[in-house]
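# Commentary on secondary and tertiary structure
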Amino acid sequence: MCWFAIHVQLIHRVNGTPIDELPGFAIGGSQLTNMRYADDTVILADSAEKLQGLMDVVSRASEEKGLSINIAKSVTMVFSKTAQPPRCSIMINGQELKQVSSFNYLGSLLTSDSRSEQEIKRRIGIGKTAFQNMRKVMTNCKLSIATRKRFLKTYIIIYGQL
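Throughout what follows, the structure given in this document is the object of discussion. (Residues numbered from 1 in each chain as written. Predicted model: local features only at pLDDT ≥ 70, side-chain atom pairs only at ≥ 80, totals over all residues. Heavy atoms only, no water.)

## Section: the side chain of threonine 76
We apply this condition: Segments assigned H or I by DSSP are reported as helices when at least four residues long, segments assigned E as strands when at least two residues long, and all are numbered from the N terminus. Note on contacts: a residue pair is in contact if any heavy atoms of the two residues lie within 4.5 Å.
Relative to the elements of secondary structure, threonine 76 occurs in strand β7 (residues 75-76). Discounting chain neighbours no more than four positions away, the residues touching threonine 76 are Cys88, Ile90, Leu97, Lys98, Gln99 and Val100.

Structure below.
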């Protein structure tokens, strides 16, 4: 296990208790407080008060290990079905985190309304752009129709996995 991962494991413990056992966001009868991938961590809570408490714990534990939370790269987002999501003011070391209505996490666009329309449009746009970039290959008369068909089938399989 790398040095950073060891510190992350230690940071996600409060007085020996895993952060996963603290109050967070209930899903299927379990409390979910965080999602981690590499050096990214998402802290989850069902109220601003719980989220502030979790952020205080993570911030304090990070500082004890000589690490700090990058305020410029940290944001908050409230998932809500209302047209205007409620305001969530989360502070770290006296600085308020910016609240956003969408952000990209692990290649997927998450929005505060929990809908997928923007993500679908974004992926279609990526596919269209990539396909336009291959236009010269698809219209190259020096390539046989069979080769262009094979290329198109391969391209569709790759695009389908975006």
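## Notes on the packing of aromatic side chains
For clarity, the cut-off: Two rings from Phe, Tyr or Trp (for Trp, the six-membered ring) form a pair when their centres are within 6.5 Å of each other. A pair whose planes differ by under 30 degrees is stacked, one over 60 is edge-to-face, and the rest are tilted. Whether a residue is buried, partly exposed or exposed follows from its accessible area with a 1.4 Å probe, protein chains only, as a fraction of its type maximum: under 20%, in between, or over 50%, in that order.
Under the criterion given, the structure shown has 1 aromatic pair. When the centroid spacing of 6.5 Å and the interplanar angle of 65 degrees are considered together, the rings of phenylalanine 103 and tyrosine 105 count as edge-to-face. We classify phenylalanine 103 as partly exposed; its relative accessible area is 24%.

## Details of the environment of methionine 138
Here methionine 138 is to be found in helix α4 (residues 135-138). When its relative accessible area of 18% is taken as the criterion, methionine 138 is described as buried. Discounting residues that sit within four places of it in the chain, methionine 138 has contacts with Arg148, Phe151 and Leu152.

## Some points on the layout of surface pockets
What counts is decided by this rule: A pocket here means an open set of points on a 1 Å grid, computed over the protein atoms alone, that has protein on both sides within 12 Å along at least five of seven lines. A cavity is instead a set of points where a 1.4 Å probe fits but cannot get out; residues with an atom within 4 Å of a point line either one. Grid points are joined across faces, edges and corners, and a volume is the space filled by probe spheres set on the points. Each residue gets one of three labels, nonpolar for Ala, Val, Leu, Ile, Met, Phe, Trp, Tyr, Cys and Pro, charged for Asp, Glu, Lys and Arg, and polar for the others, Gly among them.
Taken as a whole, the largest pocket holds about 1400 Å³ of empty space. If you list the elements that add at least two residues to the lining of the largest pocket, you get α1 (3-11), β3 (25-27), β6 (40-43), α2 (48-64), β7 and β11 (102-105). Per element, the largest residue contribution to the lining of the largest pocket is 5 residues, and it comes from α2. Partitioned by chemical class, the residues of the lining of the largest pocket number 27 nonpolar, 9 polar and 5 charged.

## As for the pattern of salt bridges
Operational definition: Here a salt bridge means any side-chain nitrogen of Lys or Arg lying within 4 Å of a carboxyl oxygen belonging to Asp or Glu.
One pass over the full model with this rule turns up 4 salt bridges. Between arginine 87 and glutamate 96 there is a salt bridge, with its nearest N and O atoms 2.4 Å apart. Classification of arginine 87 as exposed rests on a relative accessible area of 59%. On the basis of relative accessible area, glutamate 96 is assigned to the partly exposed category, the value being 37%. Between glutamate 119 and arginine 123 there is a salt bridge, with its nearest N and O atoms 2.5 Å apart. Taken as a pair, glutamate 119 and arginine 123 lie in helix α3 (residues 117-133) at a separation of 4 residues, close to a single helical turn. Of the residues examined, arginine 123 reaches a relative accessible area of 27% and is grouped as partly exposed.

## Overview of the nonpolar core
One recurring pattern in soluble globular proteins is that nonpolar side chains are buried together. Keep this limit in mind: Buried residues of nine kinds, namely Ala, Val, Leu, Ile, Met, Phe, Trp, Tyr and Cys, make up a nonpolar core once their side-chain atoms join them within 4.5 Å.
Counting 10 residues, the largest nonpolar core is built from Ile43, Leu51, Leu54, Met55, Val58, Val78, Cys88, Ile90, Ile92 and Leu97. Of the residues forming this core, the biggest block, 4 residues, is contributed by α2. Beyond its immediate stretch of four places on either side in the chain, valine 78 contacts Pro85, Pro86, Cys88, Gln99 and Ser112.

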